[in-house]
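Commentary on secondary and tertiary structure
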Amino acid sequence: MTGIVALYIFMLAAFTGYEVIAKVPVILHTPLMSGSNFVHGIVLVGAMVALGSAHTPLEKGIGILGVALAAGNAVGGYVVTERMLEMFKSSGSRAKKGTH
Amino acid sequence: MPSWLSADLLIQASYFLTAALFIFGLKRMSSPVSARSGILWAGAGMLVATLVTFLYPGMSNYELIVPAMFAGAAIAWWSGKRVAMTDMPQMIALYNGMGGGAAAAIAAVELYRGEATGYAISTLAVAGGIIGAVSFSGSLIAFGKLQGLINRSFRFGGQQLLNLLLLLAALVAGALIAAHYNASPAMVSTLFALALVLGLAMTLPIGGADMPVVISLYNAFTGLAVAFEGFVLNNAAMIIAGTVVGSAGTLLTQLMAKAMNRSLGNVLFSGFGDTGGAATGTVTGSMKAIEAADVGVMMAFGQKVIIVPGYGMAVAQAQHKIWELCQLLIDRGVTVKFAIHPVAGRMPGHMNVLLAEAGVPYDLIADLDEINSEFETADVALIIGANDVVNPVARTDKSSPIYGMPILNADKAKNVIVIKRGKGAGFSGIENALFYLDNTRMLYGDAQKAAAELIQAVKAV
């Protein structure tokens, strides 16, 4: 990937993130923040690559820390987001029943 | 494996799929109807990317990767499953900090190895490292504050100067490394030490009331750090996911700061309540207490009751009791609505999550703009553990630190009942003029206990 292509990706992704969030209702702000918190858990693949290419004990030690932290970010982010949205779903169906 | 299908092609195709699934998932999460499927799609993307990364060319140390991954995942799974809904904000802060720490760790591995290929890459590694480390230590402080491990806001003269010096020092160290002038391990260690201390020093003076903005900001920081490290590792999935989160998080942070009528710089660089001295003297009158039985009668025979929940409801886990109370009132023909301030609680939408947990239907929950004109027609405004978001001083007193912040006009209701644990000022330390109004009565006690008493009172009517 050349530098300029990477820059294009960066620019387009930035606008995508802005547009995806722009119309979100306040009620979903916390789950969405939690969801985007989960999405940057993709750092796990980078941490795996970093540890996978580590040679010295220092590099390995930091790499292990990185993989553990990243896995925590991804899994923790998923679990709490899923739990929150689970409630939203059921409350939504209750709301439909309750109004009529 | 057919000859055209190399590991590299498989990896690139999978990352492409992952990026698409993330964006699709986030999009679905922005509507209540499809929100739950959104996280499932994004989760599938994460799984694909993680599995395929094991095929990365030249990978070794599997015996270290797998246990580290399972250790981090197991602890997060366990803590995420058992945390109470009221404690969600600090868990998000914690997991976010872990992501920032991981991004900083990637930068550290690359920089200690010292094989950075060119100035652009080493600059990005340094930038991602600084941002990730700040997000890591800052998020841990945010977690500590919300969890109640750190109760004080540390402030001293010259604090901003110290933060500025720390930032400058980190930038200088980063520039030396990025320019390949001095990229020794000692200099790399100095860089990360400075960045970590900067995160601590930036976050310690910020009060709990501002934490929604801070967590959101660090979420965006981590996203950006992940994107930068994605450039370093030439990993498109990290670049796209990190950038999307970085820009979405920045927008969310701005929305929140705007809801408080403060600029982001103001949140970060001036401690909340710093100029609050003058405001406290202007409140006159006294706080008048009331019994639960009287409140029960008042609400049961009212036409319309508006509930204003705040952090106190979250702390007392009172949302279930409150909803039980509301259902009793609704059965009696009383119109009940919930008024949610954008920054009520410790995160945007914090109250919505708690009310959803208790089973409150959407259509009873109203935003500030929707509900503010309705307070005048309400017989009772019931304030449950909310404080600054209903303080009329924000409308009137220019010397108040919260002057100009949009508030819920609870003071316009015919009767205002405030459920509050004690007589102290709110999180920001500002006296609340609402509590002293002629139409305000104080119902002292823990929100859950008070709600239980109100349920009995309404049943007895």
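Residues numbered from 1 in each chain as written. Chains lettered and ligands numbered in written order. Predicted model: local features only at pLDDT ≥ 70, side-chain atom pairs only at ≥ 80, totals over all residues. Heavy atoms only, no water.

A few points about the pairing of strand E5 (residues 415-420) of chain B
Across a regular strand the side chains alternate sides, sitting on one face of the sheet and then on the other. Residue and element names in this part refer to chain B. Counted residue by residue, E5 has five buried out of six residues, so it is predominantly covered. Here strand E4 (residues 380-384) pairs with E5 via five bridges, running parallel. From the neighbouring strand, Val380 faces E5, where its bridge partner is Asn415. Examined bridge by bridge, E5 and strand E6 (residues 440-444) share five bridges and lie parallel to one another. If you follow Val418 over to E6, its bridge partner there is Met442. (Buried < 20%, exposed > 50% of the residue type's maximum accessible area, 1.4 Å probe, protein only. Helix = DSSP H or I, 4+ residues; strand = E, 2+ residues; numbered from the N terminus. Pairing = 2+ DSSP bridges.)

A closer look at unusual backbone geometry
Only a minority of non-glycine residues have a phi that is not negative, and only a minority of peptide bonds are not trans. All names here are of chain B. In the Ramachandran plot, His180 falls in the positive-phi region, its phi being about 60° despite a non-glycine side chain. With respect to the element layout, His180 can be found in the loop between helix H6 (159-178) and helix H7 (185-203). Overall, His180 belongs to the partly exposed group, its relative accessible area being 37%. Even without glycine at this site, Asn234 takes up a positive phi of about 55°. Take Asn234: it is sitting in the loop between helix H8 (211-233) and helix H9 (236-259).

Some remarks on the interface of chain A and chain B
Taken together, the contacts link 79 residues of chain A with 97 residues of chain B. Around 7900 Å² of area is buried between chain A and chain B when both sides are counted, 78% of it from carbon and sulfur atoms. Summed over the shared surface of chain A and chain B, the number is two salt bridges. In this structure, Arg36(B) and Glu82(A) form a salt bridge, with 2.5 Å as the shortest nitrogen-oxygen distance. Applying the counting criterion to the chain A and chain B interface returns 16 residue pairs in polar contact (both at pLDDT 80 or more). Those elements that place two or more of their residues in the side of chain A that touches chain B are helix H1 (3-22), helix H2 (29-39), helix H3 (43-52) and helix H4 (57-99) of chain A. Its residues placed into classes, the side of chain A that touches chain B shows 49 nonpolar, 23 polar and seven charged. (Contact = heavy atoms within 4.5 Å. Buried area = accessible area lost by both parts, 1.4 Å probe. Salt bridge = Lys/Arg side-chain N within 4 Å of Asp/Glu carboxyl O. Polar contact = N/O pair within 3.5 Å; in protein donor to acceptor, adjacent residues only side chain to side chain. Nonpolar A, V, L, I, M, F, W, Y, C, P; charged D, E, K, R; others polar.)

Description of the confidence of the model for chain B
Residue and element names in this part refer to chain B. The predicted model of chain B averages 86 in pLDDT, with 92% of residues at 70 or higher. Predicted confidence in chain B is weakest over helix H11 (residues 277-280), with a mean pLDDT of 40, and strongest over helix H3 (residues 62-82), with 95. Confidence over residues 272-281 falls short of pLDDT 50; this stretch has 19 contacts with residues more than four positions distant or in other chains. (pLDDT = per-residue confidence, 0-100.)

Comments concerning the packing of H3(A) against helix H2 (residues 35-53) of chain B
At a closest axis distance of 9 Å, the pairing of H3(A) and H2(B) adopts a crossing angle of 10°. One element, H3(A), and the other, H2(B), form an angle in the roughly parallel class. Residues Leu44(A), Val45(A), Met48(A) and Val49(A) of H3(A) form the contact with H2(B), whose own contacting residues are Ala49(B), Thr50(B) and Thr53(B). Split by residue class, the contact of H3(A) with H2(B) holds five nonpolar, two polar and no charged. (Axes fitted to C-alpha atoms, helices over the stretch in contact; angles between N-to-C directions. Parallel < 35°, antiparallel > 145°, perpendicular 65-115°, else oblique.)

Overview of H3(B)
All names here are of chain B. Helix length check: H3 (21 residues) gives 30 Å between terminal C-alpha atoms against 30 Å at 1.5 Å per residue, within 8%. All buried positions along H3 are accounted for by Ile65, Ala68, Met69, Gly72, Ala73, Ala76, Ser79 and Gly80. All buried residues of H3 project into a common sector of 140° when viewed along the axis, lining one side. Exposed residues lying more than 90 degrees from the buried face of H3 are Glu63, Phe70, Ile75, Trp78 and Arg82. (Expected span 1.5 Å × (residues − 1). Arc of directions from axis to C-beta.)

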